[in-house]
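Listed below, chain by chain, are the residues.
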Amino acid sequence: MAKRIEKSEWKDAVVLALPRGGVPVASAVAKRLGVPLQVLLVRKLGAPLQPEFALGAVAEDGSVWVNAPALRYEGMKPADLESIKIRELSRISEQKSKFRGGQDLASMRGRKVILVDDGIATGATVFAAIEAMKRQEASKIAVAVPVCAPSTARLIRAEGVELIDVIEPERLASVGMWYEDFSQVEDEEVLQELEGASPHAKRNPSRLAHQIAERLLPLQSEEDFAPLLARLRSKRVVMLGESTHGTSEFYQLRAKISSYLAQNEGFSFVAVEGDWPAAFRLNRYVKQGAGKSAREVMRGFRRWPTWMWANEEVAGFIEEQRKGSRCPFYGLDIYSFFESMDCVIEYAEKVNPFLSRLLKQRYSCFEPFERDEFAYARSLQRFPEGCATEVLSNLESILKERIMAGDDPEERFSAEQNARIAVNAENYYRAMLASDESSWNVRDSHMLDTLDLLLSRNQSKNRPAKGIVWAHNTHIGDYRATDMARAGYVNLGGLARQSMGAANVALVGFGTHSGRVVASHAWGGREQILPLPEADSGTWDSYFHEALKLRGWRQGYVLFEEADREGVFAEVLGQRAIGVVYHPGHPARGNLVPTSLSRRYDAFVFVDHTSALHSLHGPHDAGKFPETWPRGV
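Please read all numbers here as calculations on a predicted model, not as lab measurements.

Asker: Explain unusual backbone geometry to me, and be specific about the residues and the numbers.
Answerer: Cis peptide bonds are those with omega within 30 degrees of zero, and the linkage from Pro19 to Arg20 qualifies with 0°. Tracing the chain through its elements places Arg20 in the loop between strand 1 (14-17) and helix 2 (22-33). The amide bond that connects Trp304 to the next residue, Pro305, takes the cis arrangement and shows omega of 5°. You can see Pro305 is positioned in the loop between helix 12 (294-298) and helix 13 (312-323). The phi angle at Arg371 is positive, at roughly 60°, despite the residue not being glycine. By relative accessible area, which is 44% here, Arg371 ends up partly exposed.

Asker: So, helix 2: which residues are in play, and what are the values?
Answerer: A rise of 1.5 Å per residue sets the reference length of helix 2, with its twelve residues, at 16 Å; its end C-alpha atoms lie 17 Å apart and thus fit the reference within 8%. All buried positions along helix 2 are accounted for by Gly22, Val23, Val25, Ala26, Ser27, Val29, Ala30 and Leu33. Positive backbone phi, at 70°, marks Gly34, one or two positions downstream of helix 2.

Asker: Tell me about the pattern of salt bridges, residues and numbers included.
Answerer: All chains considered together, the criterion is met by 34 salt bridges. In this structure, Glu88 and Arg87 form a salt bridge, with 3.1 Å as the shortest nitrogen-oxygen distance. When its relative accessible area of 3% is taken as the criterion, Glu88 is described as buried. One salt bridge in this structure joins Glu273 and Arg443, with 3.2 Å as the shortest N-O distance. Here Glu273 is found in the loop between strand 11 (269-272) and helix 11 (276-288), whereas its partner Arg443 is found in helix 19 (residues 436-458), with 170 residues between them in sequence. Here Glu273 and Arg443 have matching classes, each one buried. Sharing partners across several salt bridges, the network here consists of Arg43, Arg87, Glu88 and Arg91.

Asker: Let's hear about the packing of helix 11 against helix 18 (residues 409-432): which residues, and what values?
Answerer: At a closest axis distance of 11 Å, the pairing of helix 11 and helix 18 adopts a crossing angle of 170°. When the interaxial angle is binned, helix 11 and helix 18 end up roughly antiparallel. Along its contact with helix 11, which presents Trp276, Pro277, Phe280, Asn283, Arg284 and Lys287, the element helix 18 presents Glu410, Glu411, Phe413, Ser414, Gln417, Asn418 and Ile421.

Asker: Help me get a handle on the environment of Cys387, residues and values and all.
Answerer: Turning to its location among the elements, Cys387 is positioned in the loop between helix 16 (373-379) and helix 17 (388-400). Taking the relative accessible area as the measure of exposure, Cys387 reaches 2% and is therefore buried. Considering only alpha carbons, one finds Cys387 and Ser364, 23 residues apart in sequence, at a separation of 9.4 Å. Once residues lying within four places of it in the same chain are set aside, the contact partners of Cys387 are Cys365, Phe366, Tyr376, Glu426 and Arg430.

Asker: Tell me about the packing of helix 11 against helix 13, and please be specific about residues and values.
Answerer: Each pair of packed helices can be described by the angle between their axes along with the distance between the axes. Packing of helix 11 against helix 13 leaves a shortest axis separation of 8 Å and a crossing angle of 35°. Residues Leu282, Tyr285, Val286, Lys287 and Gln288 of helix 11 form the contact with helix 13, whose participating residues are Ile318, Glu319, Gln321 and Arg322. Classifying every residue of the contact of helix 11 with helix 13 by side-chain character gives four nonpolar, two polar and three charged.

Asker: Got a sec to walk through the confidence of the model for the chain? Specific residues and values, please.
Answerer: Averaged over the chain, the pLDDT score is 89; the fraction of residues at 70 or greater is 94%. Here residues 198-204 is a poorly scored stretch, pLDDT under 50, and it has 15 contacts once near neighbours within four places are set aside; other chains count.

Asker: Run through the sheet that holds strand 6 (residues 112-116), naming residues and quoting values.
Answerer: With respect to topology, five strands assemble into an open sheet ordered 2-1-6-7-8, the strand pairing being parallel. Either end of the sheet is taken by a strand with one partner, and the two such strands are strand 2 (37-39) and strand 8 (162-167). Adjacent strand axes in the sheet meet at a mean angle of 25° when their direction is disregarded. Two elements, strand 6 and strand 7 (residues 140-147), share five bridges in a ladder whose sense is parallel. Opposite Lys112, over in strand 7, you have Lys140 as the bridge partner.

Rules of the game
- Residues numbered from 1 in each chain as written.
- Predicted model: local features only at pLDDT ≥ 70, side-chain atom pairs only at ≥ 80, totals over all residues.
- Heavy atoms only, no water.
- Helix = DSSP H or I, 4+ residues; strand = E, 2+ residues; numbered from the N terminus.
- Buried < 20%, exposed > 50% of the residue type's maximum accessible area, 1.4 Å probe, protein only.
- Expected span 1.5 Å × (residues − 1).
- Salt bridge = Lys/Arg side-chain N within 4 Å of Asp/Glu carboxyl O.
- Axes fitted to C-alpha atoms, helices over the stretch in contact; angles between N-to-C directions.
- Parallel < 35°, antiparallel > 145°, perpendicular 65-115°, else oblique.
- Contact = heavy atoms within 4.5 Å.
- Nonpolar A, V, L, I, M, F, W, Y, C, P; charged D, E, K, R; others polar.
- pLDDT = per-residue confidence, 0-100.
- Pairing = 2+ DSSP bridges.

Spelled out as structure tokens, the structure:
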């Protein structure tokens, strides 16, 4: 096809590819002609119940082409396309961030333009692209495709556009049948083609690293924390992330930031991605001295992965709080199903033996499953009613229980929360039958509900409560700035922004380039100190590594402004995401999250070379249901 394009006629043209399939084809054209290659972003307007049936298409500048016969067939009017158009323009905005760093397409006024796709059937996106180029007053327009349906070819030529194709088969059937290899083109392949096809379109890695370096702030001395702390102090909630569950520096930095906020800025508590009962034992030690030391309390932690919270870094933070501001320490997670039920009964035995017997009777619904969450989840396939009524009734009974003289308010609140966990955990295992995203969403919604309860409980007439959260980036980084939203997932950080207002929530992501990490090769397996290979080329982690080298620093951070929601930091690149199960020899197994950095976080902290957490006990009892299921985060 490229050979059919007359070089002399198109030597000063611009090749515009329709991604993603048109990009590898357009790359060959741009290389042969020696002209720039760019992408023109166009999306099909699919029928509501048949997304592949094109009612029209929209280009990135808002140009719309309407398939009038198809619209009449669906019984719709052009005005009915407005909501579909808005949705597709939103997706175009995401592609713009991925493929052009959020930049608008340069004006094509007075330019010769060759529009390239992998083939044309009905041609909806091509017609929208033609409309966009006419609107921009391109001096000459050609459409170049390897294969085109004859009926569509006639319509393209009727637009006064030159059509350059190789095959116009009598029966097209599908574009893919005319290819030996018609496998899906991925985003990374698009980016590689754009970098390699034309020097005008090439993304210069050093340039991106320099742009990051210009914005980097150091994190070498105590004074270097000042700009970050100034940004965080006025927030209602500060969420501090991590890109692994086993990196010492992440825990140390979170402890340092949290200690300052608790001591100097009136932050009321720290809530972590951990079990409520285990964290509450640490909370009692911090506030009441219940236990010889933080390490002694942590040695009783048995749920896998124990290293997440039973480690020297957390122990040091807890001891500091015990001696200083005594900032409360809570767990946000949902996995302490049976342990939480035990805690509810234990509390009831102290305050109301009659109530205790009633609670035991209801919770006995779970006895046939022998404390095996998987067994309970499987049973719901045959008996969908399960024990939902029993856990809900027990929660209502605990909430209605009269406060008796001498009741410890903290113990009562903990019992109520454990009863809530039993309800939400039952719902979590029920949701597992539907999909991973359903159970994930139950879990993160529970985290948000718990955070709301803690904020309400810790506020006073004179002082609104402010809280700190420690959790994996996958939980605290806004889900709408990753591929999570498209897959149907939500998360704590995004939900908090939506419910509390983005101005009241600070999301701080953490990343690293290389080092060592505590993880395991299998669920419930032996914890190990594993190598953390250098970050993949072309990821945010690799560019921050290069930026730190330019600065000569070991760690640093960037504070994002509103303007950064567009531009270089809004580009979608991979960012490292390692869970409790990790295989260093297979880094591509779910260990990268496509991320628009400035939309996912309010600040990003990067430590170039990191070390492993200092676990308090190595080999340990493996729980039947691992914390951080199903994705290790």
